[in-house]
Amino acid sequence: MIDLKNLTIEKAHEALQKGEFTCKELAEAYLKIIAERNKEINAYLEIYDDVLSQAEEAQKKFTDGTATTLTGIPFAIKDNILIKGHTVSAGSKILENYKAVYDATVIKDLKKVGAVLLGRTNMDEFAMGSSTQTSAFGVTHNPIDSSRVPGGSSGGSAAALAGDMALAALGTETCGSVREPAAFCGLVGLKPTYGAVSRQGIIAMGNSLDQVSPFGKCVRDTEIIFNLLSKYDKEDSTSVPDELRKLKAKSNKLKAARIGVPWHLFKEGVDAEVEENFKQSLEKLKNAGYEIIDIELPYSKYSLAAYYIIMPAEVSTNLSRFDGIRYGLSEPGDNLMEVYMRSRGKGFGKEARRRILLGAYVLSHGYYDAYYNKAIKVREKIREEIMHAFEKVDYILTPTAPILPFKIGEKLDNPVAMYLCDIFSAPANLAGVPSIALPSGFSSTGLPFSIQFMAPHFREDMLFNIGKKFEEIKENRIML
Ligand code: GLN
């Protein structure tokens, strides 16, 4: 029996190398748990039928000496990342039967090193949501407490990893969609610098914000995945060339010991328990020698307001391609307009429609300047003030989410309450800086707490560094 609970990528790699178990045995162990648990949790929408042959292929790399750390490692993949020949639905009826015609760059990279792709995971429709409840294919349950949500939108990937139904997982972030589910499921979640990881082959939500983001059971796992995926991709026009990455990273010569806390962002809506845990975490960091500094980010309090204008604008544009003609669901009609209306009417869920409407409105003639252009200016201010803050501090620290995982069914009728889950996530996405969510203990009712660090552009290395220190300060990793 493989001890899946305590397995990490490095431990699995060592065991595979020593021959303690084979890639196939490892894949079989996960398939067994999936068979037992997925019905209840609904983390996966589909398990691929070639998992064992992928594992056998991976094993050959151990025989011929070309195995690397991720060879044979079983991954869960969010259902908005294209895998050639497989359905990719983005959690939406409109793409229910759509099959990808090419591999996303991140998938090519994983395949190259012989990672084993177990299946595609549930998500909020087109990644719109914070609880995986807007999926057209049912809600996903949190493996820590199945009456609660796993967070979202990458809730299926988080639940798969936290429920020992995968050893690693990919999600995507537009605004917190990996960090928040990581927080709710007791995992580490890394949102890389915008432009660090290729977006080629990802179903776009908000192009100027989207970023493929790894989940791990520990900081080192996210680091291993990030190191593989982070590189220039000429297929993605927003991918940052290598020379520029180095320049950006070098421009910050830091002692990496000062942590800035924007206390003024903690207003209404932050759970008392979450704030208490945050203060305790701060205390631990202080005792470990970090200097804690109060900082002001006056524009960042408008992050959510700006995000909920910029994102729907990009959503309404991106989703216009799903019209019943080129992709996915197509309903017959007497004329072209009827085909559009019926296909889109049947294919999109409530949240997707809400955002298409909002986006079309903020981009419309007469409102463009009042909303979209203003939000773009606010975004620039937020970016500037965060870059400015990094002249005084090395990290910015907040809780990851303002609340603990909530009950399934909660907040569904109140979109604004749902949007508030992103209050601490939005600044990093808008500014394009990297951010890592780290488990920081458990509530009296056994629910996970999480804190998140932000660092300057292309300083993921700093996040891994402080993340590992924080893991040492208190053994906060959770194994279910
Ligand atoms: N909660 C965010 C939203 O609903 C999640 C977006 C994301 O990161 N995909 O927009």
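Here the structure is a predicted model, which is why all the values come from computation and not from measurement. Just so you know, the residues in each chain are numbered from 1, in the order the chain's sequence is written. Side-chain atom pairs in this predicted model are given and counted only at pLDDT of 80 or more, local residue features only at pLDDT of at least 70, and totals for whole chains, interfaces and linings cover all residues. Hydrogens and waters are ignored; side-chain quantities use all the structure's heavy atoms.

Caption draft 1: Geometry of the packing of aromatic side chains. The pairing test for Phe, Tyr and Trp rings, Trp by its six-membered ring, is centres within 6.5 Å, and the orientation test on the planes gives stacked under 30 degrees, edge-to-face over 60, and tilted for anything in between. Evaluation of the coordinates by the stated rule reveals 17 aromatic pairs. Centre to centre, the rings of tyrosine 368 and tyrosine 372 are 5.4 Å apart; their planes meet at 45°, and the pair counts as tilted. One end of the pair is tyrosine 368 and the other is tyrosine 372, both in helix α13 (residues 368-392) and 4 residues apart, which spans about a single turn. The rings of Tyr98, Phe126, Phe322, Tyr327 and Phe348 are connected pair by pair, giving a single aromatic cluster. The way it works is that DSSP assigns letters per residue, a run of H or I at least four long becomes a helix, a run of E at least two long becomes a strand, and they are numbered from the N terminus.

Caption draft 2: View of the sheet that holds strand β4 (residues 168-173). Two strands qualify as a pair provided DSSP detects at least 2 bridges between them. On the basis of which strands lie adjacent, the open sheet formed by 11 strands has the order β1-β3-β2-β4-β6-β5-β10-β11-β9-β7-β8 and mixed pairing. Because the sheet does not close on itself, it has two edges, and the strands there are β1 (44-47) and β8 (291-294). Averaged over all pairs of adjacent strands, the angle between strand axes in this sheet comes to 30°, irrespective of strand direction. A contact between two residues is defined here by any heavy atoms of the two lying within 4.5 Å. Inter-axis angles, ranging from 0 to 180 degrees, are taken between N-to-C directions of lines fitted to C-alpha atoms, where helices are fitted over the stretch in contact. Most of the contacts of helix α2 (residues 23-41) go to β1, to which it runs at about 135°, and overall it touches β1, β2 (74-78) and β3 (116-121). Helix-sheet contacts for α13 involve β7 (258-261), β8, β9 (395-399) and β11 (448-454), and the interaxial angle to β9 is about 115°.

Caption draft 3: Structural context of the pairing of strand β5 (residues 188-191). Residues of β5 alternate between two faces, with Val188 and Leu190 on one and Gly189 and Lys191 on the opposite face, all of them buried. When β5 meets strand β6 (residues 211-216), the two strands line up antiparallel, connected through 2 bridges. Its bridge partner lying in β6, valine 188 is registered against glycine 216. As paired strands, β5 and strand β10 (residues 435-442) are joined by 3 bridges and run antiparallel to one another. When the sheet's bridge partners are listed, leucine 190 is paired in β10 with isoleucine 436. Exposed residues in this analysis have more than 50% of their type's maximum accessible area, buried residues have under 20%, and partly exposed residues fall in between, with area computed by a 1.4 Å probe over protein chains only.

Caption draft 4: Quick peek at the UniProt feature "active site" (unreviewed entry) in the protein chain. UniProt positions are given in the numbering used here, feature names are shortened, and annotations may be inferred rather than shown by experiment. In the numbering adopted here, UniProt assigns the feature "active site" (unreviewed entry) to Lys78, Ser153 and Ser177. The greatest C-alpha distance among the annotated residues, which extend across 100 residues, is 11.0 Å, indicating that they converge on a single site. Inspection of the secondary structure assignment puts lysine 78 in strand β2. Contact partners of lysine 78, with chain neighbours within four places excluded, come to Thr121, Met123, Ala127, Ser153, Ser154, Ser157, Leu170, Gly171, Thr172 and Ser177. Note that serine 153 resides in the loop between β3 and α5 (155-162). Apart from residues lying up to four places away in sequence, serine 153 is in contact with Lys78, Asn122, Met123, Asp124, Ala127, Met128, Gly129, Thr132 and Ser177.

Caption draft 5: How the structure looks around the environment of threonine 238. Looking at the element boundaries, threonine 238 is found in the loop between α7 (219-229) and α8 (242-250). Overall, threonine 238 belongs to the partly exposed group, its relative accessible area being 25%. With 178 residues separating them in the primary sequence, threonine 238 and valine 416 have C-alpha atoms 31 Å apart. Excluding residues within four positions of it along the chain, threonine 238 makes contact with Tyr194, Gly195 and Arg199.

Caption draft 6: Region of interest: the site of the ligand. Not every one of the 16 residues close to the ligand is listed here, only the nearest: Ser130, Thr174, Cys175, Ser177 and Tyr307. Here a polar contact is recorded for every N or O atom pair within 3.5 Å, except that within protein the pair must consist of a potential hydrogen donor and a potential acceptor, and residues adjacent in sequence are included only if both atoms are side-chain atoms. Note that a nitrogen atom of the ligand is positioned 3.4 Å from one of the side-chain N or O atoms of serine 153. Tyrosine 308 places a polar side-chain atom, nitrogen or oxygen, 3.4 Å from an oxygen atom of the ligand. Residue-level accessible areas treat just the shown protein chains as cover; the underlying method is Shrake-Rupley with a 1.4 Å probe. Here the ligand, which alone exposes 300 Å², has 100% of that area covered by the protein. Ranked by the residues each element gives to the shell around the ligand, the list is headed by helix α10 (residues 303-318), at 3 residues. Following the grouping adopted for this structure description, the nonpolar residues are Ala, Val, Leu, Ile, Met, Phe, Trp, Tyr, Cys and Pro, the charged ones are Asp, Glu, Lys and Arg, and the polar ones are all others, Gly among them. For the shell around the ligand, the per-class residue count stands at 7 nonpolar, 6 polar and 3 charged. Being near a molecule or strand, for a residue, comes down to having at least one heavy atom within 4 Å of it.

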